[in-house]
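# Coordinate inspection notes
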Amino acid sequence: MKQRIKIDKVTPNSGVMDFSWLLDAPAGKHGFVEVKNGHMYFEDGSRAKFIGFNMPTRANTPDHHTAERLATRLASLGVNVIRLHAADAPPAPSGWSSSLDHPLIDYGKGTSRSFHEKGLDRFDYFVAKLKEKGIYLHVDLLVARVFQDGDELDYPDAPPFSMKCFTHVNERLIQLQKEYATNLLCHVKPYTGWALIEDPAVIPIQISNEDSV
């Protein structure tokens, strides 16, 4: 006899399957994570161990209600770290892309240099809800950003795809990535009062993802 099993991705586990008690909320309460003798520790000397996975592209900017439900669901699974991955992807109706209505980068302006107001607010809120539940963050900087002609590039006709490897050798792309990193990491989030660069809930910051030629 076949039995269909439905998994609701935003409904938290309950009873003996609720592992949220393993998390020590809020994230960052023990200080920054550092490496000693091949192991991770918090600043206060306690051992740090993590298990988690990616939240790619449009998953970085859920609406507030969904952000709360996702954070609760993830905590109930015992997840204590999330990789905020490819939040810089351009918007499209589906697939490996950001939401058309609330991407993190406002590509509609013809550049990739400014944030979308609604998308940034959703990103900030999601970060706050994850931290509140005791979930730490891995932050990616360059994954799927598509540079635009409006970015004042030093070559014509920007290609319609991510050019990660070239950001190490092209001076203009290096400048643009420094600008993006500064804007994303130094922006003080209204829901936490912290910038990512100073928040002990952030473990690593990955400069560039899969960038080999």
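In this report, we go over the structure that sits alongside the text. (Residues numbered from 1 in each chain as written. Predicted model: local features only at pLDDT ≥ 70, side-chain atom pairs only at ≥ 80, totals over all residues. Heavy atoms only, no water.)

## Details of the overall build of the protein
- For the protein, the helix and strand inventory stands at three helices and six strands.
- Taken from the N to the C terminus, the helices and strands of the protein come in the order β-β-β-α-β-α-β-α-β.
- For a compact globule of 213 residues, the expected C-alpha radius of gyration is about 17 Å, and the protein comes in at 18 Å, within 12% of that figure.
- Its C-alpha atoms put the protein at 60 × 50 × 35 Å along the principal axes.
- Of the contacts made within the protein by residues no fewer than 6 positions apart, 68% connect residues no fewer than 24 positions apart.
- For the protein, the exposed area adds up to about 11,500 Å²; of that, 55% sits on carbon and sulfur atoms.
- Separation of charge centres in the protein, based on 24 positive and 27 negative side chains, amounts to 8 Å. (Helix = DSSP H or I, 4+ residues; strand = E, 2+ residues; numbered from the N terminus. Rg over C-alpha atoms; globule rule 2.2 N^0.38 Å. Contact = heavy atoms within 4.5 Å. Areas by Shrake-Rupley, 256 points an atom, 1.4 Å probe, with all protein chains shown as cover. Lys, Arg positive; Asp, Glu negative; His and termini not counted. Charge placed at Lys NZ, Arg CZ, Asp CG, Glu CD.)

## A short note on helix 2 (residues 117–132)
- The end-to-end C-alpha separation of helix 2 is 23 Å, in line with the 22 Å expected for 16 residues at 1.5 Å each.
- Along helix 2, 12 of the 16 residues are buried, which leaves the element largely enclosed by surrounding structure.
- Of all the residues in helix 2, the buried ones are Gly119, Leu120, Arg122, Phe123, Asp124, Tyr125, Phe126, Val127, Ala128, Lys129, Leu130 and Lys131.
- Gly134 sits one or two positions beyond helix 2 and adopts a positive phi of about 95 degrees. (Expected span 1.5 Å × (residues − 1). Buried < 20%, exposed > 50% of the residue type's maximum accessible area, 1.4 Å probe, protein only.)

## Looking at the pattern of salt bridges
- Scanning the entire structure with this criterion turns up nine salt bridges.
- For Arg113, the salt bridge is made with Glu152, and the minimal N-O distance between the two is 4.0 Å. With Arg113 in the loop between strand 4 (81–85) and helix 2 and Glu152 in the loop between strand 5 (136–142) and helix 3 (171–186), this residue pair connects regions lying 39 residues apart in the sequence.
- Residue Arg113 is classed as partly exposed on the basis of its relative accessible area, which comes to 30%.
- Across the salt bridge formed by Arg172 and Glu152, the nearest N and O atoms sit 3.9 Å from each other. Note that Arg172 is positioned in helix 3 and Glu152 in the loop between strand 5 and helix 3, a separation of 20 residues in sequence.
- By relative accessible area, Glu152 is classed as exposed at 56%.
- The network of salt bridges with common partners includes Arg113, Glu152, Arg172 and Glu179. (Salt bridge = Lys/Arg side-chain N within 4 Å of Asp/Glu carboxyl O.)

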